[in-house]
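So you can see what is in the structure, the chains are spelled out below.
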Amino acid sequence: MTERSLVLVKPDGFARGLTGEVLARIERKGYRLAALAILTPTREQLAAHYAEHEGKPFYEPLVAFMSSGPVTAIVIEGERCIEGFRSLAGATDPTKAAPGSIRGDFGRDWGKPVQENIVHGSDAPESAAREIGIWFPSLG
Ligand code: CMP
């Protein structure tokens, strides 16, 4: 079934100039780009995006990191693209992510291994719909 996913190139990936690499891999995989924006996230956007993590020990550092600079927000489209992009991204911990994946090829432990992991991808159709509404209200 055709579905949409919300992808973020996080501040570490953006600062390292990896947005083009991420976009190229999405396109080579055959997914369509439905929306794209460069923005520095507000606390309000991040509170909504990470609502399920509020109260966890990594929440405040995560919000501080994600609001530290520009990100690229992307809506991708295609059959099973939620699962497909998570496969392109690789395991959450870049040290463990398989070579060939975005995190496996470009990520490593910089001292905050799981926080700075280059990209985010929605994990289910419900979260994709919720997240697309946060980053692209006009598509919600
Ligand atoms: P993501 O899956 O995009 O959304 C939740 C984010 O929380 C996750 O990426 C990581 O960046 C971050 N995260 C999850 N677990 C931890 C952790 N134990 N320590 C620091 N950051 C974390």
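Use the structure listed above.
Residues numbered from 1 in each chain as written. Predicted model: local features only at pLDDT ≥ 70, side-chain atom pairs only at ≥ 80, totals over all residues.

Q: Tell me about the overall build of the protein chain, and name the residues and values.
A: For the protein chain, the count of helices and strands is seven helices and four strands. The order of helices and strands in the protein chain, counted from the N terminus, is β-α-α-β-α-α-β-α-α-β-α. Here the C-alpha radius of gyration of the protein chain, 14 Å, is about what a compact globule of 140 residues would show, namely 14 Å. Taken along the three principal axes of its C-alpha coordinates, the protein chain extends 35 × 35 × 25 Å. The 140 residues of the protein chain split such that 33% are buried. Across the protein chain, contacts joining residues at least 24 apart in sequence account for 69% of those joining residues at least 6 apart. (Helix = DSSP H or I, 4+ residues; strand = E, 2+ residues; numbered from the N terminus. Rg over C-alpha atoms; globule rule 2.2 N^0.38 Å. Buried ≥ 20, exposed ≤ 12 C-beta atoms within 10 Å, placed from the backbone. Contact = placed C-beta atoms within 7 Å.)

Q: Please give an account of the sheet that holds strand S4 (residues 119-121) that cites residues and values.
A: On the basis of which strands lie adjacent, the open sheet formed by four strands has the order S2-S3-S1-S4 and antiparallel pairing. Bordering the open sheet on either side are strand S2 (32-39) and S4, each of which pairs with just one other strand. Neighbouring strand axes in the sheet, compared pairwise and without regard to direction, differ in orientation by 20° on average. Looking at chain direction, S2 and strand S3 (residues 71-79) are connected through seven bridges and run antiparallel. Counted as the bridge partner of Leu33 is Ile76 from S3. The strands touched by helix H5 (residues 81-89) are strand S1 (2-9), S3 and S4; relative to S1, the strand with the most contacts, the crossing angle is about 35°. (Pairing = 2+ DSSP bridges. Axes fitted to C-alpha atoms, helices over the stretch in contact; angles between N-to-C directions.)

Limitation: the analysis is restricted to geometry and does not speak to function.
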